[in-house]
Amino acid sequence: MTDKTKGGGKPPPDAPQRGRKIRKAGRPLTADPITAADVKNAFYRARVPLPDAAQVERLADLFSFRKVFFLEAERDREINTHARAAGDAIRKLTASLPVLLAHHRKLANAGDPFAGFHADAIEKLLRPVLDADLSRIEWESNVPNVIKDWRWLIGVILTEIEPAFPAGTGIAEGGPISRFLAEILPMVTGDILSAGSIATHLKQMKRNKRELSTGNK
């Protein structure tokens, strides 16, 4: 923590970044659950044969459950921003208030009739600033650093959604899984993406899995 010696000091350097701020481009998320109608519409728009009603309901429950994770990540991302701002403000006050205090005390000792009031006000503020526990104030949730975007979700749910698609469904660009995910994911994660980008990621996942199984890097 910054030196707490009163009476002067230089402004502290910018605080190091504590975790990455994730920028998301897409649609704002709402707390509305993903319904069976949402899932059906995603299948229709993706031009993919609709599975049976039980599979539709299962997918609606699955995506609704996972959507909560992304809502929490967006909330925590905003809170983390405030935590960083509060910590930075305390560090600046810790560096600047002693300088101001010393200045006004010097003027008061020289006979300035108003400087004493300024010094008293600064000292009253300085005490709690110096006692601030930055480790508590700057605590950040790690959720946004884990749940970043649609890639995380696909890695978690891919095997769970495959039973809703025809046997032997591939992951080639333009395939049914990629097209379906491109329609449903914006409602779950807020990301806007194409079936092609999803297919590329699925291929990379498959490649990584194959390399891990064979011990290649």
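See above for the structure.
What counts, and at which threshold
Counting from 1, residues in each chain are numbered in the order their sequence is written. In keeping with the model being predicted, local features are shown solely for residues with a pLDDT of at least 70 and side-chain atom pairs are shown and tallied solely at 80 or more, while totals for entire chains, interfaces and linings include all residues. As a convention, hydrogens and water are excluded, and side-chain values are obtained from all of the structure's heavy atoms. Here a helix means four or more residues in a row that DSSP labels H or I, a strand means two or more in a row labelled E, and each is numbered from the N terminus. Multiplying 1.5 Å by the residue count of a helix minus one yields the expected span of that helix. Working definition: with a 1.4 Å probe on protein chains only, accessible area under 20% of the residue-type maximum means buried, over 50% means exposed, and in between means partly exposed. The arc in question is formed by the directions pointing from the helix axis toward the C-beta atoms. Pairs of residues are marked as contacts when any of their non-hydrogen atoms sit within 4.5 Å. Every angle, taken between N-to-C directions, lies between 0 and 180 degrees, and every axis is a line fitted to C-alpha atoms, over only the stretch in contact when it is a helix. Angle categories are assigned with fixed cut-offs, so that under 35 degrees is roughly parallel, over 145 is roughly antiparallel, 65 to 115 is roughly perpendicular, and the rest are oblique. Counted as a polar contact is a pair of N or O atoms within 3.5 Å, where, for protein atoms, one must be capable of donating a hydrogen and the other of accepting one, and residues adjacent in sequence contribute only when both atoms are in side chains.

### Overview of helix α6 (residues 150-161)
Helix length check: α6 (12 residues) gives 14 Å between terminal C-alpha atoms against 16 Å at 1.5 Å per residue, more than 12% under. Looking at α6, one finds that the buried residues are Trp150, Leu153, Ile154, Ile157, Leu158 and Ile161. Taken around the axis of α6, the buried residues stretch over an arc of 140 degrees, which confines them to a single face. Each element contacted by the buried residues of α6 is listed here: α2 (53-109), α7 (176-189) and α8 (195-214).

### Concerning the packing of helix α1 (residues 36-46) against α2
Look at α1 against α2: their axes get within 8 Å of each other, and the N-to-C directions meet at 110 degrees. By the criterion of interaxial angle, the relationship of α1 to α2 is roughly perpendicular. Here α1 contributes Ala36, Val39, Lys40 and Phe43 to the contact with α2, which in turn contributes Val56, Glu57, Leu59 and Ala60.

### Overview of helix α3 (residues 115-131)
The end-to-end C-alpha distance of α3, which contains 17 residues, comes to 25 Å, matching closely the 24 Å that a straight helix rising 1.5 Å per residue would cover. Within the span of α3, buried status applies to Ala115, Gly116, Ala119, Ile122, Glu123, Leu126, Val129 and Leu130. If you follow the buried residues of α3, they end up packed against α2.

### Digging into the side chain of Asp149
Within the secondary structure layout, Asp149 lies in the loop between α5 (143-146) and α6. At 2.4 Å, the side chain of Asp149 and the side chain of Arg151 are in polar contact.

### Comments concerning unusual backbone geometry
Note: most peptide bonds trans; most residues except glycine with negative phi. For Arg47, which is not glycine, the phi torsion reads 60 degrees and is therefore positive. With respect to the helices and strands, Arg47 occurs in the loop between α1 and α2. The class for Arg47 is exposed, based on a relative accessible area of 61%.

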